Amino acid sequence: KTAADPYSLNGYFSNEENCTQAIAALKKSFPQLELDFSKETLVATEWQNAYKEYVKPWNDRLLHWVPLWSKETYTFPEEGLPVYLDAGMAFGTGCHETTQLCASRLVDFYLSDKPKENLIMVDAGCGSGILALSARALGFQLIRGFDNDPDAIQVCHDHLKHNPTLAPIDFTVDDLISGLPEGSIDFLMANIQTNILIPFAEPIIKSLRASAHLILSGILTKEIEELKLHYTEKLNCLRPRATIIMDSREKGEWSDLKIEIIACESEK
């Protein structure tokens with residue numbers, strides 16, 4: 001966000017007195033801000049079931065992402081490949097546009113005629129592990145995912161249990177330094193956000209092999225040109241002899257950036 005963007009803060013309290021005290025504390029802590037609050041009494045409901053109305057199965061060509069409660073009723077086409085998700089967990093269900101942009105790139109690559117033997121694929125900042133699980137469902141063998149949040153990694157392991165037909169995936173607690181050894185990755189997916197992708201551009205690029213694919217997402221469309229320029233400059237510096245192919249797609253207010261690096265003959 002920029003200084004001109006609107007900000008909002010939502011809080012949920014067990015009673016009105018706690019709500020009033022929280023508002024008073026905020027106004028005291030930020031006297032320089034003009035804070036306008038409104039209160040709303042929420043009708044008691046079964047929230048654990050209410051969200052099911054908003055989280056539906058979705059698919060991109062042959063890959064199908066299915067909440068657990070739809071497992072017995074969802075009908076797959078003959079060639080459909082399922083990934084089952086506990087959409088009640090505190091992490092992504094895959095329904096967000098940034099995840100869908102990444103997943104679509106993954107399916108594109110799977111359906112392309114590009115070499116796929118022995119590729120090392122990594123889901124950086126994997127969250128609930130949806131992209132890594134999707135790669136496994138497509139049949140890719142050498143996959144790992146990492147996140148700096150241990151709770152996220154626990155969710156990844158739980159999701160593996162919900163998909164017993166998928167082979168195990170190496171999910172670890174790591175950051176964008178420890179999780180990205182130099183020259184080790186053929187296909188890297190990083191669905192994070194621009195204010196992380198820009199300062200970590202160098203370790204991200206250095207983690208790639210001479211020829212590689214990089215999928216970046218979590219990017220607001222208004223930020224895509226800034227990100228593209230930054231990665232172009234870094235690639236020109238770090239991979240001056242390679243051929244670089246970039247393209248971007250939009251979904252809602254979000255964009256992705258696909259970067260294909262093709263090594264010159266002497267680098268292969």
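Right, let's walk through the structure included here. Within any chain, residue numbers begin from 1 and follow the written order of that chain's sequence. Confidence filtering applies because this is a predicted model: local features only for residues at pLDDT of at least 70, side-chain atom pairs given and counted only at 80 or more, and all residues used for totals across whole chains, interfaces and linings. The side-chain quantities take in all heavy atoms of the structure and omit both hydrogens and water.

**Let's talk about the state of the cysteines**
No. 1: Cysteine sulfur atoms that pair up within 2.5 Å are treated as a disulfide. Throughout the structure, instances matching the rule amount to 0 disulfides.
No. 2: Cysteine Cys126 shares no disulfide, and the gap to the nearest cysteine sulfur, in Cys156, comes to 3.7 Å.
No. 3: According to the relative accessible area criterion, Cys126 is buried, its value standing at 7%. Partly exposed describes any residue whose relative accessible area lies between the buried limit of under 20% and the exposed limit of over 50%, with all areas from a 1.4 Å probe on protein chains only and scaled to the type maximum.

**Details of the sheet that holds strand E1 (residues 58-60)**
No. 1: One open sheet accounts for 3 strands, arranged E1-E2-E3; its pairing is mixed. Strands with a single pairing partner mark the edges of an open sheet, and in this sheet they are E1 and strand E3 (81-85). Here the strands of the sheet are splayed against their neighbours by 20° on average, with no regard to which way each runs.
No. 2: Only strands joined by at least two bridges in the DSSP assignment are considered to pair. The secondary structure listing takes helices from DSSP runs of H or I that are at least 4 residues long and strands from runs of E that are at least 2 residues long, numbered from the N terminus. Two strands pair when backbone bridges link them, and E1 and strand E2 (residues 63-67) are joined in this way by 3 bridges, in the antiparallel orientation. Of the residues in E2, the one forming a bridge with Asp60 is Leu63.
No. 3: In the packing of helix H4 (residues 130-137) onto the sheet, the strands contacted are E2 and E3, and the crossing angle to E3 comes to about 150°. Where helices are involved, their axes are fitted lines through C-alpha atoms of the stretch in contact, as for all axes, and angles between N-to-C directions lie from 0 to 180°. Contacts are assigned to residue pairs with any non-hydrogen atoms lying within 4.5 Å of each other.

**Points about the nonpolar core**
No. 1: Residues enter a nonpolar core if they are buried and are Ala, Val, Leu, Ile, Met, Phe, Trp, Tyr or Cys, with the set joined through side-chain atoms within 4.5 Å. In this structure, Trp65, Leu106, Met121, Phe140 and Phe171 are the most contacted members of the largest nonpolar core, which totals 32 residues.
No. 2: Listing elements by their share of this core, those giving two or more residues are E2, E3, helix H3 (97-111), H4, helix H5 (150-162) and strand E7 (185-191).
No. 3: Top element by residues in this core is H4. It accounts for 6 residues.
No. 4: Discounting chain neighbours no more than four positions away, the residues touching Leu106 are Met121, Leu131, Ser134, Ala135, Leu138, Phe140, Phe187 and Met189.
No. 5: If you look at the next biggest cluster of nonpolar residues, it comprises 26 residues, including Ile204, Leu216, Leu227 and Ile259.

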